[in-house]
2 protein chains.
Amino acid sequence: MARPRKENAIDIKGRAMEIAMDMLSTSPDRLSLLELARRIGCSAPALYAYFNGRDDLLEQLRARAYADLIAQYLEKMDDGAQNPLTRLHRAGLAMVDFAEDRPALYRLIFAPEHDIPEPKIDLNASLLAAISHELAALDCTNQTIRGSVHQLARLMWFTVHGAIMCALDRQLIGPANQRWAQARETVVSCVDMLDLRCAVTPTAQKSSHVIPHIAPFQQSGRASA
Amino acid sequence: MARPRKENAIDIKGRAMEIAMDMLSTSPDRLSLLELARRIGCSAPALYAYFNGRDDLLEQLRARAYADLIAQYLEKMDDGAQNPLTRLHRAGLAMVDFAEDRPALYRLIFAPEHDIPEPKIDLNASLLAAISHELAALDCTNQTIRGSVHQLARLMWFTVHGAIMCALDRQLIGPANQRWAQARETVVSCVDMLDLRCAVTPTAQKSSHVIPHIAPFQQSGRASA
């Protein structure tokens, strides 16, 4: 019987994803399939069996990082708080924490520099759906907020994302801790504005807040860019 | 008398800035001092007399692009409208237009990829000052908006910037025109939220809206990152 080749003996794809994720956090500029193969101890062609080049590797990492982020995000939201405003507040701060702790992963997910033939992550079906779900539990029916719950969810997400990008891109002058403090303050102001506009209904406070099934990835057959 | 060298006969720095700005709009990836020298028709060392490498060139372009953008922005704000909300609305849409028309310049200014030793552009002293000036003219003294005018200005800017970055980075699924429509809609919703909270005072409507002196660039001696 032929001796198994080294490349068949190890879980190349699993190791590649793990090491690449680690490289993204420590030395994102060095992330190439060649360097990855070197660190795994396999040949470069062996990697090409799983990844169709660097962009494909980044896109697969992106999908995994996003799934992790959304899981953390939903967990944070579901952490005992019954008030939708508290939940939105916590979830917003969790996003800022993620970006501060893992800037390269945040960029990979929300501000990718690699070429994406077709966006695979559907914010509407995941992140924005979770925010909309909380907003729907608020009593905002008294015309104080115009437009739909979905529009408002987008407005909140854009605000938090804009604050994070400004902190990451050093668009505000000051040391890093001040920039991140401003991003956190923005989450608070943003939720405060809602607080003044919406009365939390007793129903909303009592509801079990079971978040509906959220599909983080896009279904096929959507309009492409 | 020695014949002037070709390099002395042309305004190298002026031409370099002009051609580089054009390259940024059409082929940003090819922008290098070598390629720039080739297009100007001078030697690469001649360019190094004006730019301390590619990052320095990009930083100088960035300062110029930002000064142009702020001039346009203030002009848009001052375009006859007396109501601060209308003015904020127009200025926000002008930002979205700029980003859609000149994505590489927008990124250069607000999401730079080159290495910036110390941020030169002080958003607080320019963009945020202009927004704060409009907000101060609104009657928001009735406790409906918590925090300072400056905090609120930052909140509005983060919202518009976040929407623009999502449109640029294809974070919303759909063709480009739909993504930009969502960014514009966000500007409208954002100003609408203010509209509901603030009564425009007769004084604000009548004021001549002379915008105070705005210095687009940072003064020395600020805290660095």
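For the structure given in this document, a descriptive report is provided here.

Each value, and the rule that gives it
Residues numbered from 1 in each chain as written. Chains lettered and ligands numbered in written order. Predicted model: local features only at pLDDT ≥ 70, side-chain atom pairs only at ≥ 80, totals over all residues. Heavy atoms only, no water. Salt bridge = Lys/Arg side-chain N within 4 Å of Asp/Glu carboxyl O. Helix = DSSP H or I, 4+ residues; strand = E, 2+ residues; numbered from the N terminus. Buried < 20%, exposed > 50% of the residue type's maximum accessible area, 1.4 Å probe, protein only. Polar contact = N/O pair within 3.5 Å; in protein donor to acceptor, adjacent residues only side chain to side chain. Contact = heavy atoms within 4.5 Å. Phe/Tyr/Trp six-rings, centres within 6.5 Å; stacked < 30°, edge-to-face > 60°. Patch = residues over 30% accessible without salt bridge, like charges linked within 9 Å, V, L, I, M, F, W, Y side chains within 5 Å. Areas by Shrake-Rupley, 256 points an atom, 1.4 Å probe, with all protein chains shown as cover. Lys, Arg positive; Asp, Glu negative; His and termini not counted. Charge placed at Lys NZ, Arg CZ, Asp CG, Glu CD. Axes fitted to C-alpha atoms, helices over the stretch in contact; angles between N-to-C directions. Parallel < 35°, antiparallel > 145°, perpendicular 65-115°, else oblique. Nonpolar A, V, L, I, M, F, W, Y, C, P; charged D, E, K, R; others polar. Core = buried A, V, L, I, M, F, W, Y, C linked by side-chain atoms within 4.5 Å.

Some words on the pattern of salt bridges
Side chains carrying opposite charge are able to pair once their charged atoms draw close together.
All names here are of chain A.
1) Next: Evaluated as defined, the whole model comprises 18 salt bridges over all chains.
2) Next: With a shortest N-O distance of 2.8 Å, arginine 87 and glutamate 134 are connected by a salt bridge. Remark: glutamate 134 occurs in helix α8 (residues 127-136) and arginine 87 occurs in helix α6 (residues 84-101); sequence separation between them is 47 residues. For the pair formed by arginine 87 and glutamate 134, the shared burial category is buried.
3) Next: Salt bridges sharing partners connect three or more residues here, namely Arg30, Glu35, Arg38 and Arg39.

Remarks on the side chain of Thr159(B)
1) Next: For Thr159(B), the location among the structural elements is in helix α9 (residues 149-168).
2) Next: The class for Thr159(B) is buried, based on a relative accessible area of 3%.
3) Next: Among the polar contacts listed, one links the side chain of Thr159(B) to the backbone oxygen of Leu155(B), at a separation of 2.7 Å.
4) Next: Beyond its immediate chain neighbours, meaning those up to four positions away, Thr159(B) contacts Leu155(A), Phe158(A), Thr159(A), Thr186(B) and Cys190(B).

A closer look at the packing of aromatic side chains
1) Next: In the structure shown here, the tally under the stated rule is 6 aromatic pairs over all chains.
2) Next: Consider the rings of Phe110(B) and Trp157(B), whose centres lie 5.0 Å apart with planes at 50°: the pair is tilted. Taken as a pair, Phe110(B) in helix α7 (residues 103-110) and Trp157(B) in helix α9 lie far apart in primary sequence, 47 residues in all. For the pair Phe110(B) and Trp157(B), one class covers both residues: buried.
3) Next: Every member of this aromatic cluster is reached through a ring pair, and the members are Tyr66(A), Tyr106(A), Phe110(A) and Trp157(A).

Section: a negative patch on the surface
1) Next: Taken together, the side chains of Asp29(A), Glu113(A), Asp29(B) and Glu113(B) present a region of like negative charge at the surface.
2) Next: Structurally, Asp29(B) can be placed in the loop between α2 (12-26) and α3 (33-40).
3) Next: Among the residues examined, Asp29(B) registers a relative accessible area of 77% and is labelled exposed.

Considering the packing of helix α6 (residues 84-101) of chain B against helix α8 (residues 127-136) of chain B
Residues and elements named next belong to chain B.
1) Next: At their nearest, the axes of α6 and α8 sit 9 Å apart, and the two run at 155° to each other. As far as their axial angle goes, α8 and α6 are roughly antiparallel. Only Leu127, Ile131, Glu134 and Leu135 of α8 make contact with α6, whose side of the interface consists of Pro84, Arg87, Leu88 and Met95.
2) Next: Of the residues assigned to the contact of α6 with α8, the class counts are 6 nonpolar, no polar and 2 charged.

What to know about the nonpolar core
1) Next: Counting 138 residues, the largest nonpolar core has Trp157(A) and Trp157(B) as its most contacted members.
2) Next: In contact with Trp157(B), other than residues within four places in its own chain, are Cys166(A), Met95(B), Tyr106(B), Phe110(B), Leu123(B), Leu127(B), Leu128(B) and Ile131(B).

So, to be careful, I would describe these as geometric facts and stop short of saying anything about function.
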